[in-house]
Amino acid sequence: MNPTGLALGVALVLGVFAAVLGAATRKHLRARAVGAVTALCGAAGTIAGISAMCGTRYYAAFPALLPLSGVTITVDSTSGLFLAVTGAVAFVSAVYGVGYARADANGRLPQAVFPLFVITMMLVVSAGNVGALLVCWELMALCSLVLVLTEHHRRPEVARAGRWYAVMTHLGFVAILAGLLVFTAAADDDTFPALRVAAHHLSPTTASVVFVATLLGFGSKAGVVPLHVWLPRAHPEAPSHVSALMSAAMVNLGVYGIVRVGFDLLGGGQRWWWLLTLALGGISAVYGILHAAMSTDLKRLLGYSTTENMGLVLIGLGAAGLVADDPVVAGLALAAALLHMVNHAAFKTVLFLAAGSVQRGAGSRDLDALGGLSGPMPFTTAAFGLGALAASALPPGTAFVSEWLLLQALIHARPSAGAAAVVMMPIAVAAVALTAGLAVATFVKAFGVGFLGRPRSAGAAAARESPASMTAALGIAVAVCAVLAVLPTILLSQLGSLASGLLRTGSPAAMDGIVVRLVGVSGALSPLMLAVVSVGAALGLVAVVRLVLTRQARRAARLWDCGAGPLSARMEYTATSFAEPLQRVFDDVVQPETDVDVTHARESAYLVEAIEFRNRVLDRIERWLYTPLLRAVSVWAAAARRLATGSVHRYLGYGFYTLCGLLILLAVTR
Amino acid sequence: MLRLWRRIWRIGRAAEPAPAGPVGDRPAVAAGWRGSVQVRHVDAGSCNGCEIEIAAAFGPVYDAERYGARLVASPRHADALLVTGPVTRNMAEPLRRTHDAVPSPRVVVAVGDCARDCGVFASAYGVVGPVRDVIPVDLEVAGCPPRPEAITEALRKLTGR
Amino acid sequence: MSALGIVGGVVQPLAVVAGSPVLVGMMRQVRARLEGRAGPGIAQPWRDLRKLFGKEPIAPRGTGVVFRAAPYALVATTLVVSFVAPLATVDSPLDPVADLFAVVALLTAGTVALALAGLDTGTAFGGMGASREMTIVALVEPTLLVAVFALSVPVGSTNLAAIVSSTLRDPARAISPASLLAAVALVIVIVAETGRLPVDNPSTHLELTMVHEAMVLEYAGPDLALVELASAMRLGVFLALLANLFVPWGIATTAGPFAVLGGVLALAVKVVVLGLALAVGEVFLAKLRLFRVPELLAGSFLLALLAVAASFFLA
Ligand code: SF4
């Protein structure tokens, strides 16, 4: 057993142990025990992942573990990346959970399922055959469903979100199941090497069916439009450390699936697949961020932003597949997509955990009721601020580097890549650019309205900072984010070789530690220098202005309230009002529902007693696509119910008629 | 557009030639400003006659801006307050607050007879008193309403140009 | 890191800091003359700044670190851009930073800092200004990125020095369809980003029509001086970038004293010409209603997108 296998084994054992602890320990010890052991499990998973990325692969087969197919575990460098990310997010969330879960999610069931969720995710990426992959996938979905439902007895929305999630995730599972079974049917057995061999003699139609089915299935896990509807419901309703785990780790598994099936098993394939991927990515990115920009619920905003970022990752994957005959650019695009995925995991962990602290400290996650948190919650505010900077693709932030790489890949996609690429690239660029712009507005809103200014509710005014375990977890996540922001080179060389391995080409980026220099095409960026120069300029400026130019001491004064006053929190801009101009600009796309009710005084129609204003931004895709679908399903269900009367005679009759029908069918077709 | 261009061409320079520099001593605080003063105008209860003259002072003919004075939107940006009218009850506190919002060094210019001694509004029921009863006044401009030249001259005393 | 780069890294920030207020003064003077006024002279912004630095800084109650730090962030980001971008000299002291995307993102970061400061005051006007500014930025940044993209595709690099020297080598590139479309798009977004007419009126006193001014209503003394200096510098840097992306001639390509002097002079001439054109244009324009602005910006986004399409198809 090599180090990778050893670490993975330790992680699994620790995970199971943590689950047992969660089920068996007493209430006051539970959060600490589960948190500590799960954190260790996450750390072990990270180590396994890193060791796999460094080249130590691990392979093991347990034929007796699962009937029909058995279980094969293969940890190669692709699995390693996802394993490491999952482990790291699990580590941070588990540490955070020590403080967080004690108050909000300390039941026996959630505490026992949390570590199971972590290890099922690790198993999904370590699975080496289709049977194991599917079983782990389903277990993972069930665990996350249980965790989403943690607070269902307290809030009815949770149950509704859970229903959406359960249905969507199973539809996705059906798609994956169908796709992979079709694939397996063409191969000798269901292990990945056999599938790789089978891919060569797969008919184009079958290959396309496999790819599209798995793309839809895995895409729904990644929250890709139009299969995203569950994500902005379920992610916010889960306890925050679970939200972080779902939004930063679980969605990645959708990406894993697409990479594994599309690039690794099917070996690239046809161009239109990747065109489809790119288009889905572009739509998800813009649609996601647009809804994030309109959201007033902090966690829902973050959920939509997950859709956006997965869209960007998909754009990278699509571009990589589309220009596959230009290995340099394809490798660059793939590396950019993977880097963005890692970055997203880092900053989304920070953001969701900070949002959890806000919910805990201020009692609300409605941006319209927050504000003024920088005083009472300085750590959380700073962490969210840095996370927001990272998410809005501004330097020196994490997402800036990966979006820069993505744009570089799109720039260097030569027209030789075919007419489709030439048409698609400008559109992809527009999508990335629009996303970047809207992300800036979104996160200025989230941070500026949610944390700065003055408190807009009594809860926000009485906010208090979270306990040490939570702030420590936030600190770790922020540190990782910062390192990724200024030294992406640490990771990028690994990602480059991973991408070239997947595409069977050379590494797209060379590192000299500080500067990211692209290979084969020109392009260089140094996030570290950028950060150092910016911070240096700012500090120099502070010194010059404070020491040389300022001649008087700072005086505290009343806010300028036009001389009237005092200003009340009701006069502040809220998240809704902040987003209103944007909402007007994108009126045709989001179609907000607004209505104004004016109540007139009884004495005269000219005197107004009250004006009521309501504004809701509904998910348009949900309304157009899912509402008719649900209605059709319920019509069918009503019809089906009429058939089921409870009479045994009737059921026997159904059986008889079906049998007759089948026999006739056989007779006719034979 | 062409019409506007032709008009600009025809009118040329509307500003009258600058008269000789101001007579009388400048407020001591304004000494460090050397050619720049930002002005916030406060209407503490005037009849709007003074406002029209202030607008004229900053218009093209008198062009107070050429001496370095500029009207600004917030007292935080200002060096000088230009207060017009007798201070009414409702404006006394806002006026104090506005004065407090101006970063020091700062000056107050009382513009018009009302601002100096309540003018025609003296002993009216809603009037607290002249500006100097509410905040310290450094410079006064007489007249009901004062001529734009007088306002410009007061501003020139502040900018020193 | 070449000698030319180091010279540029010293000369350019100095030129931008010293020259930008003069540029603003010049634009105001031109406007004043066209309105029939005498005007305060082109050094007036410097007089204002000198006075503001001597005044008392104010900490409005309820504001925090963000409010305090924003002016510094605003100036620092612009300084970094003037340090690395090829304004007067082709080379940059930190070549890997002199990337067009990085420059666009840095300038956006400055705007974001100011918007956050506006929200940090917790006043109605601060929030209003921030909301409007971010709405504009949400459309301006994409246009900038796409236009930048269109300029980079033919060169095959987003490095500023590479783009500028490629145009120097191949002057025909400056009048290619992609380049012209991108130029128009850039002009529109630069007008929006620097808060000039018809998007924002830099000399308005009416809070309800403000965009940029509304966010800075609370700043006083040195803080205000920094904000004003920064907005002048941003105008200067944007105009200089615009000039050099399309008309780079005159920029210093060697480190000799005359070449550098020539570069600075050429920069000054180009920026002044653009600034004067902007100022004259402003006399003829009225401010657009806020909700008409996005239409203008969407139009420029479309132009930029056309430029990208052109650069792909005609490559
Ligand atoms: S001084 Fe005369 S013009 Fe001015 S406010 Fe008083 S009455 Fe009106």
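The structure under discussion appears in the preceding block.
The paragraphs below set out a description of the structure included in this document. Computed from a predicted structure; not experimentally measured.

1. Some thoughts on the overall build of chain B
Then step 1. Assigned secondary structure in chain B consists of five helices and seven strands.
Then step 2. When the helices and strands of chain B are read in sequence order from the N terminus, they spell out α-β-α-β-β-β-α-β-α-β-β-α.
Then step 3. Counting only C-alpha atoms, chain B reaches 55 × 35 × 30 Å along its principal axes.
Then step 4. In chain B, buried positions account for 50% of the 161 residues.
Then step 5. Sequence separation of at least 24 residues holds for 84% of the intrachain contacts in chain B that already meet a minimum separation of 6.
Then step 6. When the accessible area of chain B is evaluated, it comes to approximately 7300 Å², of which 55% is carbon and sulfur surface.
Then step 7. Computing the positive centroid from 21 side-chain charges and the negative centroid from 17, chain B places the two 8 Å apart.

2. So, the packing of helix α5 (residues 130-148) of chain A against helix α6 (residues 156-185) of chain A
Residues and elements named next belong to chain A.
Then step 1. For the pair α5 and α6, the least separation of the axes is 10 Å and the interaxial angle reads 175 degrees. Classified by the interaxial angle, the pair formed by α5 and α6 is roughly antiparallel. Listed contacts from α6 to Val130, Leu133, Leu134, Trp137, Glu138, Ala141, Leu142, Ser144, Leu145 and Val148 of α5 are Val158, Gly162, Tyr165, Ala166, Thr169, His170, Phe173, Ile176, Leu177, Leu180 and Thr184.

3. Concerning the side chain of C:Glu141
Then step 1. Note that C:Glu141 resides in helix α5 (residues 124-155).
Then step 2. One buried charged residue, C:Glu141, forms no salt bridge at all, with the nearest opposite charge on C:Arg234 at 11 Å.
Then step 3. Not counting the four nearest positions on each side in its chain, C:Glu141 is found in contact with A:Leu394, A:Ala436, A:Gly437, A:Val440, C:Val104 and C:Thr108.

4. What to know about the interface of chain A and chain B
Then step 1. Each partner contributes to the interface: chain A provides nine residues, whereas chain B provides 14 residues.
Then step 2. Of the roughly 820 Å² buried between chain A and chain B, counting both surfaces, carbon and sulfur atoms make up 42%.
Then step 3. Together, A:Arg555, A:Arg558 and A:Trp560 form the three largest contributors to the area buried by chain A at its contact with chain B, with a combined 65%.
Then step 4. Scanning the region where chain A abuts chain B turns up one salt bridge.

5. Some thoughts on the side chain of A:Thr169
Residue and element names in this part refer to chain A.
Then step 1. With respect to the helices and strands, the residue threonine 169 is situated in helix α6.
Then step 2. In this structure the side chain of threonine 169 is engaged in a polar contact, spanning 3.0 Å, whose partner is the side chain of lysine 221.
Then step 3. Residue contacts for threonine 169: discarding those within four places in its chain leaves Ala141 and Lys221.

6. Things to note about the packing of helix α8 (residues 204-221) of chain A against helix α11 (residues 271-294) of chain A
To characterise two packed helices, one gives the angle between the axes of the helices and the distance between these axes.
Residue and element names in this part refer to chain A.
Then step 1. Relative to each other, α8 and α11 sit at 15 degrees, their axes nearing to 11 Å. As judged from the angle between their axes, α8 and α11 are roughly parallel. Along this stretch, α8 crosses α11, giving a crossing that reads as right-handed. Seen from α8, the contacting residues are Ala207, Ser208, Phe211, Val212 and Leu215; seen from α11, they are Trp272, Trp273, Trp274, Leu276, Thr277 and Leu280.
Then step 2. When the residues that make up the contact of α8 with α11 are grouped by side-chain class, the tally is nine nonpolar, two polar and no charged.

The rules behind each value
Residues numbered from 1 in each chain as written. Chains lettered and ligands numbered in written order. Predicted model: local features only at pLDDT ≥ 70, side-chain atom pairs only at ≥ 80, totals over all residues. Heavy atoms only, no water. Helix = DSSP H or I, 4+ residues; strand = E, 2+ residues; numbered from the N terminus. Buried < 20%, exposed > 50% of the residue type's maximum accessible area, 1.4 Å probe, protein only. Contact = heavy atoms within 4.5 Å. Areas by Shrake-Rupley, 256 points an atom, 1.4 Å probe, with all protein chains shown as cover. Lys, Arg positive; Asp, Glu negative; His and termini not counted. Charge placed at Lys NZ, Arg CZ, Asp CG, Glu CD. Axes fitted to C-alpha atoms, helices over the stretch in contact; angles between N-to-C directions. Parallel < 35°, antiparallel > 145°, perpendicular 65-115°, else oblique. Salt bridge = Lys/Arg side-chain N within 4 Å of Asp/Glu carboxyl O. Buried area = accessible area lost by both parts, 1.4 Å probe. Polar contact = N/O pair within 3.5 Å; in protein donor to acceptor, adjacent residues only side chain to side chain. Left-handed = near helix turned anticlockwise from the far one by under 90°. Nonpolar A, V, L, I, M, F, W, Y, C, P; charged D, E, K, R; others polar.

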